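# Examining the three-dimensional arrangement
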Amino acid sequence: MKESDWAEFCSILGVTAELCGVQKPTKDATDFYFLMLRGLCSIEDFKKAVTWHLQRSPFFPKPADIIKQIHGTVEIRALEAWMLVMTAVKRYGHSSSIKFSNPAIHWVIERMGGWEYFSPRLNEDNQGFIERDFCRLYEKAEKVATWENSPFYLMGRSERENRQGGFTEFLPDVIDVESGEYIDRKTLALVSEHDKLAQLPDVEIKRLEVG
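Residues numbered from 1 in each chain as written. Predicted model: local features only at pLDDT ≥ 70, side-chain atom pairs only at ≥ 80, totals over all residues. Heavy atoms only, no water.

## A few points about the side chain of Ser-97
By secondary structure assignment, the location of Ser-97 is in the loop between helix H5 (74-92) and strand E1 (98-99). At a separation of 3.1 Å, a polar atom in the side chain of Ser-97 contacts the main-chain amide nitrogen of Gly-156. (Helix = DSSP H or I, 4+ residues; strand = E, 2+ residues; numbered from the N terminus. Polar contact = N/O pair within 3.5 Å; in protein donor to acceptor, adjacent residues only side chain to side chain.)

## Digging into a nonpolar patch on the surface
A cluster of nonpolar side chains, Phe-32, Leu-35 and Met-36, forms an exposed patch at the surface whose accessible area comes to about 300 Å². Considering the arrangement of structural elements, one finds Phe-32 in helix H2 (residues 27-37). (Patch = residues over 30% accessible without salt bridge, like charges linked within 9 Å, V, L, I, M, F, W, Y side chains within 5 Å. Areas by Shrake-Rupley, 256 points an atom, 1.4 Å probe, with all protein chains shown as cover. Salt bridge = Lys/Arg side-chain N within 4 Å of Asp/Glu carboxyl O.)

## As for the packing of aromatic side chains
All told, the structure shown has twelve aromatic pairs when counted by the stated rule. Between Trp-147 and Phe-152 the ring centres are 5.3 Å apart and the planes differ by 50°, which places this aromatic pair in the tilted class. Residue class for Phe-152 comes out buried when judged on its relative accessible area of 7%. Here a set of aromatic residues connected by ring pairs shows up, and it is made of Trp-82, Phe-100, Trp-115, Phe-118, Phe-134 and Tyr-138. (Phe/Tyr/Trp six-rings, centres within 6.5 Å; stacked < 30°, edge-to-face > 60°. Buried < 20%, exposed > 50% of the residue type's maximum accessible area, 1.4 Å probe, protein only.)

## A word on H2
Looking at H2, one finds that the buried residues are Thr-30, Tyr-33, Phe-34 and Leu-37. Down the axis of H2, the sector holding all buried residues measures 95°, keeping them to one side. Along H2, exposed side chains directed more than 90 degrees from the buried face belong to Asp-28 and Leu-35. The elements touched by buried residues of H2 are helix H1 (6-20), helix H3 (43-56) and helix H4 (63-71). (Arc of directions from axis to C-beta. Contact = heavy atoms within 4.5 Å.)

## So, the environment of Met-1
As for its placement among the helices and strands, Met-1 is situated in the segment before H1. Dropping the residues within four chain positions of it, Met-1 is found in contact with Phe-9, Phe-34, Leu-37, Arg-38, Cys-41, Ser-42, Ile-43 and Phe-46.

## Observations concerning the nonpolar core
By size, the foremost hydrophobic cluster in this structure holds 29 residues, and its most contacted members are Val-85, Ile-98, Phe-100, Ile-109, Trp-115, Phe-118 and Phe-134. Residue assignment for this core shows that the elements contributing at least two residues are H5, helix H6 (103-111), helix H7 (115-121) and helix H8 (127-144). When residues of this core are assigned to their parent elements, the largest contribution, eight residues, is made by H5. In this structure, Phe-9, Ile-12, Cys-20 and Cys-41 belong to the second largest nonpolar core, which totals 16 residues. (Core = buried A, V, L, I, M, F, W, Y, C linked by side-chain atoms within 4.5 Å.)

## A few points about the pattern of salt bridges
This model, assessed by the stated rule, comprises eleven salt bridges. Ionic pairing is found between Glu-44 and Lys-47, a salt bridge with its closest N-O pair at 3.1 Å. In this pair, Glu-44 and Lys-47 are both assigned in helix H3, three residues apart and thus about one turn of the helix distant. Residue Glu-44 is classed as partly exposed on the basis of its relative accessible area, which comes to 42%. Relative accessible area serves as the criterion here: at 25%, Lys-47 is assigned to the partly exposed category.

## Observations regarding the packing of H5 against H8
Relative orientation of the contacting elements H5 and H8 amounts to 125°, with a least axis distance of 9 Å. In terms of orientation, H5 lies oblique with respect to H8. Considering how the two elements wind past one another, H5 and H8 form a crossing that is right-handed. Residue-level inspection shows Val-74, Glu-75, Arg-77, Ala-78, Leu-79, Ala-81, Trp-82, Val-85 and Met-86 of H5 in contact with H8, the latter providing Gln-127, Ile-130, Glu-131, Phe-134, Cys-135, Tyr-138, Glu-139 and Glu-142. For the contact of H5 with H8, the class distribution of residues is eleven nonpolar, one polar and five charged. (Axes fitted to C-alpha atoms, helices over the stretch in contact; angles between N-to-C directions. Parallel < 35°, antiparallel > 145°, perpendicular 65-115°, else oblique. Left-handed = near helix turned anticlockwise from the far one by under 90°. Nonpolar A, V, L, I, M, F, W, Y, C, P; charged D, E, K, R; others polar.)

## Some words on the side chain of Asp-176
Residue position: Asp-176 is located in strand E2 (residues 174-176). Within the buried set, Asp-176 has no salt-bridge partner at all; the shortest N-O distance to an opposite charge, 4.6 Å, is to Lys-99. Within polar-contact distance, the side chain of Asp-176 engages the backbone nitrogen of Glu-178 at 3.3 Å. Non-local contacts of Asp-176, meaning those with residues more than four positions away in its chain, are made with Lys-99, Glu-181 and Tyr-182. (Lys, Arg positive; Asp, Glu negative; His and termini not counted.)

Right under this line is the structure:
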(Lines give C-alpha, C1' and ligand atoms only; values in the text may rest on other atoms or scores of the structure.)
Protein backbone atom coordinates (compact mmCIF):
# COMPACT_ATOMS: atom_id res chain seq x y z
CA MET A 1 0.00 0.00 0.00
CA LYS A 2 1.02 3.60 -0.57
CA GLU A 3 0.66 6.70 1.57
CA SER A 4 -2.15 7.78 -0.76
CA ASP A 5 -4.11 4.70 0.39
CA TRP A 6 -4.13 5.87 4.01
CA ALA A 7 -7.58 7.48 4.01
CA GLU A 8 -9.21 4.47 2.34
CA PHE A 9 -7.38 2.13 4.72
CA CYS A 10 -8.72 4.03 7.74
CA SER A 11 -12.22 3.97 6.29
CA ILE A 12 -12.10 0.21 5.76
CA LEU A 13 -10.87 -0.36 9.32
CA GLY A 14 -13.62 1.87 10.68
CA VAL A 15 -16.38 0.04 8.81
CA THR A 16 -14.88 -3.31 9.79
CA ALA A 17 -14.86 -2.34 13.47
CA GLU A 18 -18.50 -1.28 13.22
CA LEU A 19 -19.50 -4.56 11.59
CA CYS A 20 -17.63 -6.52 14.27
CA GLY A 21 -19.23 -4.49 17.06
CA VAL A 22 -15.95 -3.19 18.47
CA GLN A 23 -14.44 0.22 19.00
CA LYS A 24 -12.56 1.73 16.08
CA PRO A 25 -8.77 1.33 16.54
CA THR A 26 -6.92 4.33 17.93
CA LYS A 27 -4.75 6.41 15.63
CA ASP A 28 -1.59 4.81 17.04
CA ALA A 29 -2.99 1.31 16.49
CA THR A 30 -4.12 2.24 12.98
CA ASP A 31 -0.70 3.70 12.18
CA PHE A 32 1.01 0.51 13.30
CA TYR A 33 -1.51 -1.68 11.44
CA PHE A 34 -0.81 0.24 8.24
CA LEU A 35 2.96 0.08 8.80
CA MET A 36 2.89 -3.71 9.16
CA LEU A 37 0.92 -4.19 5.95
CA ARG A 38 2.08 -1.43 3.61
CA GLY A 39 4.98 -3.39 2.12
CA LEU A 40 3.06 -6.65 1.88
CA CYS A 41 -0.07 -5.87 -0.08
CA SER A 42 -1.99 -3.34 -2.14
CA ILE A 43 -5.13 -1.62 -0.93
CA GLU A 44 -7.12 -3.93 -3.21
CA ASP A 45 -5.48 -6.98 -1.62
CA PHE A 46 -6.31 -5.56 1.79
CA LYS A 47 -9.98 -5.05 0.92
CA LYS A 48 -10.28 -8.59 -0.46
CA ALA A 49 -8.61 -10.06 2.63
CA VAL A 50 -10.89 -8.11 4.99
CA THR A 51 -13.97 -9.17 3.00
CA TRP A 52 -12.89 -12.83 3.13
CA HIS A 53 -12.28 -12.57 6.88
CA LEU A 54 -15.64 -10.94 7.63
CA GLN A 55 -17.44 -13.63 5.65
CA ARG A 56 -15.94 -16.29 7.92
CA SER A 57 -15.33 -14.73 11.31
CA PRO A 58 -17.25 -12.41 13.65
CA PHE A 59 -14.01 -11.06 15.13
CA PHE A 60 -12.10 -7.96 14.13
CA PRO A 61 -9.15 -9.04 11.91
CA LYS A 62 -5.63 -8.72 13.27
CA PRO A 63 -2.73 -7.97 10.90
CA ALA A 64 -1.74 -11.65 11.10
CA ASP A 65 -5.19 -12.62 9.80
CA ILE A 66 -4.75 -10.34 6.78
CA ILE A 67 -1.21 -11.54 6.06
CA LYS A 68 -2.29 -15.18 6.33
CA GLN A 69 -5.13 -14.61 3.88
CA ILE A 70 -2.94 -12.77 1.37
CA HIS A 71 0.09 -15.03 1.49
CA GLY A 72 -1.45 -18.28 2.66
CA THR A 73 -0.08 -20.64 5.28
CA VAL A 74 3.48 -21.88 5.20
CA GLU A 75 2.11 -25.30 4.22
CA ILE A 76 0.48 -23.78 1.14
CA ARG A 77 3.64 -21.85 0.26
CA ALA A 78 5.69 -25.03 0.62
CA LEU A 79 3.40 -26.83 -1.83
CA GLU A 80 3.57 -23.90 -4.26
CA ALA A 81 7.39 -24.01 -4.05
CA TRP A 82 7.30 -27.78 -4.65
CA MET A 83 5.16 -27.31 -7.78
CA LEU A 84 7.61 -24.70 -9.08
CA VAL A 85 10.50 -27.11 -8.51
CA MET A 86 8.62 -29.90 -10.32
CA THR A 87 8.12 -27.58 -13.29
CA ALA A 88 11.87 -26.91 -13.37
CA VAL A 89 12.64 -30.64 -13.15
CA LYS A 90 10.41 -31.39 -16.15
CA ARG A 91 11.53 -28.44 -18.24
CA TYR A 92 15.26 -28.25 -17.55
CA GLY A 93 16.34 -31.46 -15.83
CA HIS A 94 19.47 -31.97 -13.76
CA SER A 95 21.98 -31.03 -16.48
CA SER A 96 21.13 -27.32 -16.41
CA SER A 97 22.28 -24.82 -13.80
CA ILE A 98 19.18 -22.99 -12.62
CA LYS A 99 18.07 -20.17 -10.35
CA PHE A 100 14.86 -19.57 -8.43
CA SER A 101 13.96 -16.15 -7.04
CA ASN A 102 13.36 -17.62 -3.58
CA PRO A 103 16.48 -18.47 -1.52
CA ALA A 104 14.41 -20.87 0.60
CA ILE A 105 14.11 -23.22 -2.39
CA HIS A 106 17.88 -23.19 -2.90
CA TRP A 107 18.43 -23.77 0.84
CA VAL A 108 16.19 -26.85 0.79
CA ILE A 109 17.56 -28.41 -2.40
CA GLU A 110 21.15 -28.00 -1.22
CA ARG A 111 20.26 -29.93 1.94
CA MET A 112 18.63 -32.63 -0.16
CA GLY A 113 21.83 -33.25 -2.09
CA GLY A 114 21.93 -30.43 -4.62
CA TRP A 115 20.17 -29.98 -7.94
CA GLU A 116 22.12 -32.60 -9.88
CA TYR A 117 21.29 -35.25 -7.28
CA PHE A 118 17.78 -34.06 -6.42
CA SER A 119 16.26 -33.97 -9.90
CA PRO A 120 17.02 -37.50 -11.24
CA ARG A 121 16.00 -39.14 -7.94
CA LEU A 122 12.34 -38.40 -8.58
CA ASN A 123 10.17 -41.25 -9.79
CA GLU A 124 6.66 -42.52 -9.23
CA ASP A 125 7.70 -44.67 -6.28
CA ASN A 126 9.53 -42.05 -4.21
CA GLN A 127 8.10 -38.71 -5.31
CA GLY A 128 5.63 -38.60 -2.41
CA PHE A 129 8.39 -39.16 0.14
CA ILE A 130 10.64 -36.53 -1.45
CA GLU A 131 7.76 -34.04 -1.56
CA ARG A 132 7.12 -34.62 2.15
CA ASP A 133 10.79 -34.04 3.01
CA PHE A 134 10.96 -30.96 0.77
CA CYS A 135 7.89 -29.35 2.37
CA ARG A 136 9.12 -30.14 5.89
CA LEU A 137 12.48 -28.50 5.18
CA TYR A 138 10.83 -25.57 3.40
CA GLU A 139 8.91 -24.61 6.54
CA LYS A 140 12.25 -24.21 8.32
CA ALA A 141 13.89 -22.56 5.30
CA GLU A 142 11.38 -19.70 5.31
CA LYS A 143 12.65 -18.76 8.77
CA VAL A 144 16.38 -19.00 8.13
CA ALA A 145 17.20 -18.94 4.41
CA THR A 146 18.74 -15.82 2.86
CA TRP A 147 21.06 -15.17 -0.06
CA GLU A 148 23.80 -14.98 2.56
CA ASN A 149 23.47 -18.65 3.55
CA SER A 150 22.08 -20.13 0.33
CA PRO A 151 23.75 -20.63 -3.05
CA PHE A 152 22.86 -17.95 -5.57
CA TYR A 153 22.07 -20.65 -8.13
CA LEU A 154 21.87 -24.45 -8.29
CA MET A 155 24.62 -26.15 -10.26
CA GLY A 156 23.69 -28.77 -12.85
CA ARG A 157 25.66 -31.71 -14.26
CA SER A 158 26.94 -29.91 -17.37
CA GLU A 159 28.56 -27.16 -15.35
CA ARG A 160 30.06 -29.58 -12.82
CA GLU A 161 31.59 -31.74 -15.55
CA ASN A 162 33.02 -28.72 -17.34
CA ARG A 163 34.50 -27.42 -14.11
CA GLN A 164 36.02 -30.78 -13.25
CA GLY A 165 37.48 -31.04 -16.74
CA GLY A 166 38.99 -27.57 -16.50
CA PHE A 167 36.75 -26.15 -19.23
CA THR A 168 35.63 -23.14 -17.25
CA GLU A 169 35.40 -21.04 -20.41
CA PHE A 170 32.52 -23.27 -21.57
CA LEU A 171 30.25 -23.02 -18.56
CA PRO A 172 26.55 -22.95 -19.48
CA ASP A 173 24.50 -19.89 -18.60
CA VAL A 174 22.30 -20.04 -15.50
CA ILE A 175 18.59 -20.32 -16.27
CA ASP A 176 16.14 -18.16 -14.36
CA VAL A 177 13.32 -20.64 -13.78
CA GLU A 178 10.42 -18.22 -13.31
CA SER A 179 11.17 -16.05 -16.34
CA GLY A 180 12.54 -18.67 -18.71
CA GLU A 181 15.53 -16.40 -19.33
CA TYR A 182 19.20 -16.92 -18.63
CA ILE A 183 21.83 -14.91 -16.84
CA ASP A 184 25.00 -14.19 -18.78
CA ARG A 185 27.97 -15.87 -17.13
CA LYS A 186 30.06 -12.74 -17.57
CA THR A 187 27.98 -10.99 -14.96
CA LEU A 188 28.38 -13.67 -12.33
CA ALA A 189 31.08 -13.16 -9.72
CA LEU A 190 32.39 -16.22 -7.90
CA VAL A 191 32.91 -15.52 -4.21
CA SER A 192 33.91 -18.87 -2.64
CA GLU A 193 35.33 -22.29 -3.37
CA HIS A 194 31.81 -23.63 -3.15
CA ASP A 195 30.77 -21.45 -6.07
CA LYS A 196 28.47 -19.30 -3.99
CA LEU A 197 27.77 -16.06 -5.74
CA ALA A 198 27.32 -12.53 -4.58
CA GLN A 199 24.12 -10.66 -5.26
CA LEU A 200 23.98 -9.37 -8.77
CA PRO A 201 24.07 -5.60 -9.30
CA ASP A 202 22.78 -4.73 -12.75
CA VAL A 203 22.68 -8.30 -14.00
CA GLU A 204 22.37 -8.56 -17.77
CA ILE A 205 19.45 -10.82 -18.63
CA LYS A 206 19.16 -12.44 -22.04
CA ARG A 207 16.33 -14.39 -23.56
CA LEU A 208 16.87 -18.14 -23.40
CA GLU A 209 16.46 -19.75 -26.78
CA VAL A 210 14.35 -22.89 -26.31
CA GLY A 211 14.42 -25.21 -29.26
